[in-house]
Each structure stands twice: as structure tokens, then as C-alpha cells.
Amino acid sequence: MPKDRAMQVNDDLSSGEILDLKVELKKDLEGIIVQGIIVGNTLQQNQALILITHPGENKFNPDLGVGISDMLLDNDYLGFRHRIREHYAKDGLKVTQLDLYENKPLKINANY
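Since the structure is predicted, the reported quantities are computational estimates derived from the model, not experimental observations.

A. Inspection of the overall build of the chain at higher detail. Helix and strand counts for the chain come out as two helices and six strands. Reading the helices (α) and strands (β) of the chain from amino to carboxyl end gives β-β-β-β-α-α-β-β. Its C-alpha atoms give the chain a radius of gyration of 17 Å, clearly above 13 Å, the size a compact globule of 112 residues would have. Oriented by its inertia axes, the alpha-carbon framework of the chain measures out at about 60 × 30 × 25 Å. Going through the 112 residues of the chain one by one, you find that 29% of them count as buried. By sequence separation, contacts in the chain at least 24 residues apart represent 34% of the contacts at least 6 residues apart. Of the accessible surface of the chain, which amounts to about 7900 Å², a share of 53% is contributed by carbon and sulfur atoms. Across the chain, the centroid of the 13 positively charged side chains sits 6 Å from that of the 17 negatively charged ones.

In C-alpha cells form, the structure reads like this:
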């Protein structure tokens, strides 16, 4: 299975708690569950999870995670650009564009 196809997590509150597994139960005419956990493209989900997690928070890959929330009280944009590229590469993502500058929106393009 490619790295950008996996179980999806909720990305808004309309589907349940954010970051819980996305589940949409479907039953057949006899009431038997025929669908549950949603599997699909997770490229953007993987990028977001790498950005928001801190190293040590992912027990399957404890050295992965940018911890972008640490940037709230920091202005080392160059350091965070380097950290993003480094941690994306650890997951196999190739960054083609990374814009992270003061008073500008964050923009990242990356693919496996």
C-alpha cells in the first residue's frame, strides 16, 4: 500500500472528535456492517500530523514531528523551515515548495 493511502482521521468536528479515526458505518439489508473505517488518500493528513506532533508523540516513529506550536513564541523561521524539510524527508516526503516567513501564510507542497 502506498504511503499516501491509509486510514483517515477526522479533520473537522462534524464527523466526531478531531484526529479520531474516521468511521462511517454502512449496513446491508440484514443489518450486517459492510463498511466502517474510511481508507483513502492521506497525503495532506500525513503532512499535517508531522507538522503538529512533537518528537516522542508518535510511538511508532518517536523521532518524527516538527512541533509547529513551538513557533508561537519563537521567530526562528529558518530553523523551522529546516526542521520541516528534515522531518518530511524522514517520512519519505519530497518538499518542492516551502514558504514560511514572518507575517505570511505557511505554504508547503510535498509528495511521496
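Picking up after the structure, the text goes on.
B. Just unusual backbone geometry, in detail. A positive phi angle is found at N103, which is not glycine, with a value near 60°. Topologically, N103 is positioned in the loop between β5 (94-99) and β6 (107-111).

The rules behind each value
- Residues numbered from 1 in each chain as written.
- Predicted model: local features only at pLDDT ≥ 70, side-chain atom pairs only at ≥ 80, totals over all residues.
- Heavy atoms only, no water.
- Helix = DSSP H or I, 4+ residues; strand = E, 2+ residues; numbered from the N terminus.
- Rg over C-alpha atoms; globule rule 2.2 N^0.38 Å.
- Buried < 20%, exposed > 50% of the residue type's maximum accessible area, 1.4 Å probe, protein only.
- Contact = heavy atoms within 4.5 Å.
- Areas by Shrake-Rupley, 256 points an atom, 1.4 Å probe, with all protein chains shown as cover.
- Lys, Arg positive; Asp, Glu negative; His and termini not counted.
- Charge placed at Lys NZ, Arg CZ, Asp CG, Glu CD.

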